[in-house]
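Here is what each chain is made of, one letter per residue.
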Amino acid sequence: MSQADSLKNRLLIAMPSLQDPNFSRTVTYICEHGDHGAMGIVINRPTELRLADVLQHMQIDGGLGGAGEQIVYLGGPVEEERGFVLHSHSPPWDSTLAVNDNISVTTSRDILEAMAKGDGPNKTLVALGYAGWGAGQLEREMQENAWLSGPAESAILFDLPAEERWEAAARLLGVDVNLLSSEAGHA
């Protein structure tokens, strides 16, 4: 697969026809995509958990302040007990994948310890679990029109309320997802 064909650093926008309850009306940020498959983080499925809950569960102390109220997202149906922090670049952490020049995903405890002390990255999205596709699976789903692929903007990833991200990501492509039918049409 060429870099031009890769969906890395793009948003996958679920089409209204996508019936899988794990992905209905979701926006997924693709962190890795190659011949081996793809991995991404769903960015618009908030849970009832807050960052403070995760830190307490991991026995990480810190002076969090208001950061403890940060929403934790359901990043996808794979390994839901595993944490991922999507973030703006900052000092390197133990287990970080740079997705582009501005955004990384980290899975190591040290980033959470820094966040607890107020020393973490400026922009973060904390998720439990991830979305994964085997070799060729995402490409097939794209051909079946299950997804739109669009540019990733930091504001959609980190700043917009979760409930606005699906429509906002589609708008970047000039698409109003509310006008798309979930029915397949035949001429």
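Analysis parameters
- Residues numbered from 1 in each chain as written.
- Predicted model: local features only at pLDDT ≥ 70, side-chain atom pairs only at ≥ 80, totals over all residues.
- Heavy atoms only, no water.
- Core = buried A, V, L, I, M, F, W, Y, C linked by side-chain atoms within 4.5 Å.
- Buried < 20%, exposed > 50% of the residue type's maximum accessible area, 1.4 Å probe, protein only.
- Helix = DSSP H or I, 4+ residues; strand = E, 2+ residues; numbered from the N terminus.
- Salt bridge = Lys/Arg side-chain N within 4 Å of Asp/Glu carboxyl O.
- Pairing = 2+ DSSP bridges.

Student: Any chance you could explain the nonpolar core here in plain terms?
Tutor: Across soluble globular proteins, you tend to see nonpolar side chains buried next to one another. Counting residues in each nonpolar core, the largest one holds 39 residues, and the members touching the most others are Tyr29, Ile43, Leu86 and Trp147. Elements with a minimum of two residues in this core: β1 (10-14), β2 (27-34), β3 (37-42), β6 (78-88), β8 (103-106), β9 (124-134), α4 (154-159) and α5 (162-171). Leu51, Val54, Ile60 and Val72 belong to the second largest nonpolar core, which has 14 residues in total.

Student: Just checking my understanding: could you explain the pattern of salt bridges for this structure?
Tutor: A side chain of one charge can pair with a side chain of the opposite charge if their charged atoms are brought near each other. Enumeration according to the criterion identifies three salt bridges in this entry. In this structure, Glu79 and Arg82 form a salt bridge, with 3.5 Å as the shortest nitrogen-oxygen distance. Across the pair Lys123 and Asp159 runs a salt bridge whose closest N-O atoms are separated by 2.7 Å. Separated by 36 residues along the polypeptide, Lys123 in the loop between α2 (109-116) and β9 and Asp159 in helix α4 bring together distant segments of the chain. You can call Lys123 partly exposed: its relative accessible area is 31%. Since its relative accessible area comes to 45%, Asp159 is described here as partly exposed.

Student: I would appreciate a short explanation of the pairing of β2 in the present structure.
Tutor: In the case of a regular strand, side chains alternate between the two sheet surfaces. The element β2 is extensively covered by neighbouring structure, given that seven of its eight residues are classed as buried. Examined bridge by bridge, β1 and β2 share three bridges and lie antiparallel to one another. Bridged to Leu12 within β2 is Thr28. Bridging between β2 and β3 involves six bridges; their strand directions are antiparallel. Along β3, the bridge assignment pairs His33 with Ala38. Hairpin remark: β2 followed by β3, antiparallel, with two residues in the connecting loop.

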